[in-house]
Amino acid sequence: MIDVVEQIGRIGIIPVVTIEDAKDAVPLGRALLAGNLPCAEITFRTAAATAAIRNMSEALPDMLVGAGTVLTVEQAKQAQVAGAKFIVTPGFDAAVVGWCLANDMPITPGVMTPTDINQALAKGLTLLKFFPAEAAGGVKALQVIGGPYVGVKFIPTGGISAVNLADYLRLPMVHACGGSFMVNKKTIADGDFATIAQLAQTAVDIVKSVRSES
Ligand code: 3PG
């Protein structure tokens, strides 16, 4: 079985999804698969998160389903029981990180500063979410902040779009990017899954195009 971190790296872009109604999870997953994007980070920003993770994981075994915006150990536990294969947090939370490490759950904590990165490194974590990427200074900031941390890879998230995705992916310290631009809440609520499939394919094409440069 391919390691989750490796799978995320191969896919190159993680759709960050907020689902209001768990019944949308399976059609959304199908749309992402149709756009050749077999991954979703379902955020704990709504009460539907756990059911959405369960629905998508059970119905679509080809999808790599993770949980995002995990703020508590309880949410991390719920995510694991529901079938999540990885956990993403907006900042560095020692309790959540500790629980994930003790329970073989891949965890990508959010970092923005060298101090945050040091905390994660002290726990042995070398794949970190750079959040909020654009508001923190974008590509230039990540280049400078990540520069000293040889061996640490980042998943920039926050303000990523089809316009700047390639610039992030070209950085050697970027493992993949995260973003909600192909899965916005309104498009999901409207049931416009054709648009989601199209936007997913566009993002996948950008990843492929950047990777073919090297
Ligand atoms: C997240 O939850 O990681 C971010 O809110 C995603 O950021 P975006 O909506 O700007 O892509």
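All values derive from a computational prediction rather than experimental measurement.

> Go over the site of the ligand, please, and point to the residues and values.
As a structural note, the neighbourhood of the ligand is formed by Val16, Arg45, Lys129, Phe131, Thr157, Gly158, Gly159, Gly179 and Ser180. Measuring from an oxygen atom of the ligand, one finds a side-chain N or O atom of Lys129 at 2.6 Å. Take Ser180: an N or O atom from its side chain is 2.6 Å from an oxygen atom of the ligand. If the ligand stood free it would expose 310 Å²; the protein chains cover 81% of that surface.

> If you had to explain the environment of Val207 to someone new, which residues and values would you point to?
Topologically, Val207 is positioned in helix H10 (residues 193-211). For Val207, a relative accessible area of 4% corresponds to the buried category. The sequence separation of Val207 and Ile11 amounts to 196 residues, and the corresponding C-alpha distance is 8.0 Å.

> Can you lay out the environment of Met56 for me, pointing to particular residues and giving the numbers?
Structurally, Met56 can be placed in helix H3 (residues 49-59). Separated by 26 residues in the primary sequence, Met56 and Ala82 have C-alpha atoms spaced 9.5 Å apart. With near-sequence residues (within four places) excluded, Met56 lies in contact with Ala25, Val26, Leu28, Gly29, Ala40, Ile42, Met63 and Val65.

> Give me the pattern of salt bridges: which residues, what numbers.
Scanning all chains against the criterion turns up seven salt bridges. Taking the shortest distance from any N to any O, the salt bridge between Lys23 and Asp24 comes out at 3.5 Å. Across the pair Glu213 and Arg170 runs a salt bridge, and its minimum N-O distance is 2.8 Å. Of this pair, Glu213 sits in the segment after H10 while Arg170 sits in the loop between helix H8 (165-169) and strand E8 (177-179), and the two are 43 residues apart along the sequence. Accessibility expressed as a relative area gives 46% for Glu213, which makes it partly exposed. When salt bridges with common partners are traced through the structure, they connect Asp21, Lys23 and Asp24 into a single cluster.

> Please set out the state of the cysteines residue by residue, giving values where relevant.
Evaluated as defined, the whole model comprises zero disulfides. No disulfide involves Cys39; its sulfur sits 12 Å from the nearest other cysteine sulfur, which is in Cys177.

> Could you give me a rundown of the packing of helix H2 (residues 25-34) against H10, with the residues and numbers involved?
To describe two helices that pack against each other, one gives the angle between their axes and the distance between the axes. Closest axis-to-axis distance for the H2/H10 pair is 7 Å, and the angle between their directions is 40°. Comparing their axes, H10 and H2 come out oblique. Our pair here, H2 against H10, has a crossing hand that is right-handed. For the pair formed by H2 and H10, the contact residues are Pro27, Leu28, Ala31, Leu32 and Ala34 on the first element and Phe193, Ile196, Ala197, Ala200 and Gln201 on the second. For the contact of H2 with H10, the per-class residue count stands at nine nonpolar, one polar and no charged.

> So what's going on with the side chain of Thr89? Residues and values would help.
Locating Thr89 in the fold gives a position in strand E4 (residues 87-89). Of note is the side chain of Thr89, whose polar atom sits 2.7 Å from the backbone oxygen of Gly91. Discounting residues that sit within four places of it in the chain, Thr89 has contacts with Val70, Val96, Ile107, Thr108, Pro109, Gly110 and Lys129.

> Give a description of the pairing of strand E1 (residues 13-17) that names residues and reports values.
For a regular strand, side chains alternate in direction, first toward one face of the sheet and then toward the other. Of all five residues in E1, five are buried; the element is thus mostly enclosed. Burial along E1 is two-sided: the residues Ile13, Pro15 and Val17 and Ile14 and Val16 are all buried. Direction of pairing for E1 relative to E8: parallel, over a ladder of three bridges. Within E8, the position partnered with Pro15 by the bridge is Gly179. With two bridges joining them, E1 and strand E2 (residues 39-43) adopt parallel strand pairing. In the sheet register, Val17 faces E2, and the bridge partner there is Ile42. Crossover connection from E1 via H2 to parallel E2: handedness right-handed.

Definitions and limits used
Residues numbered from 1 in each chain as written. Predicted model: local features only at pLDDT ≥ 70, side-chain atom pairs only at ≥ 80, totals over all residues. Heavy atoms only, no water. Near = heavy atom within 4 Å. Polar contact = N/O pair within 3.5 Å; in protein donor to acceptor, adjacent residues only side chain to side chain. Areas by Shrake-Rupley, 256 points an atom, 1.4 Å probe, with all protein chains shown as cover. Helix = DSSP H or I, 4+ residues; strand = E, 2+ residues; numbered from the N terminus. Buried < 20%, exposed > 50% of the residue type's maximum accessible area, 1.4 Å probe, protein only. Contact = heavy atoms within 4.5 Å. Salt bridge = Lys/Arg side-chain N within 4 Å of Asp/Glu carboxyl O. Disulfide = S-S within 2.5 Å. Axes fitted to C-alpha atoms, helices over the stretch in contact; angles between N-to-C directions. Parallel < 35°, antiparallel > 145°, perpendicular 65-115°, else oblique. Left-handed = near helix turned anticlockwise from the far one by under 90°. Nonpolar A, V, L, I, M, F, W, Y, C, P; charged D, E, K, R; others polar. Pairing = 2+ DSSP bridges. Right-handed = clockwise from strand over helix to strand, strands pointing away.

Geometric values such as these leave the question of function open.
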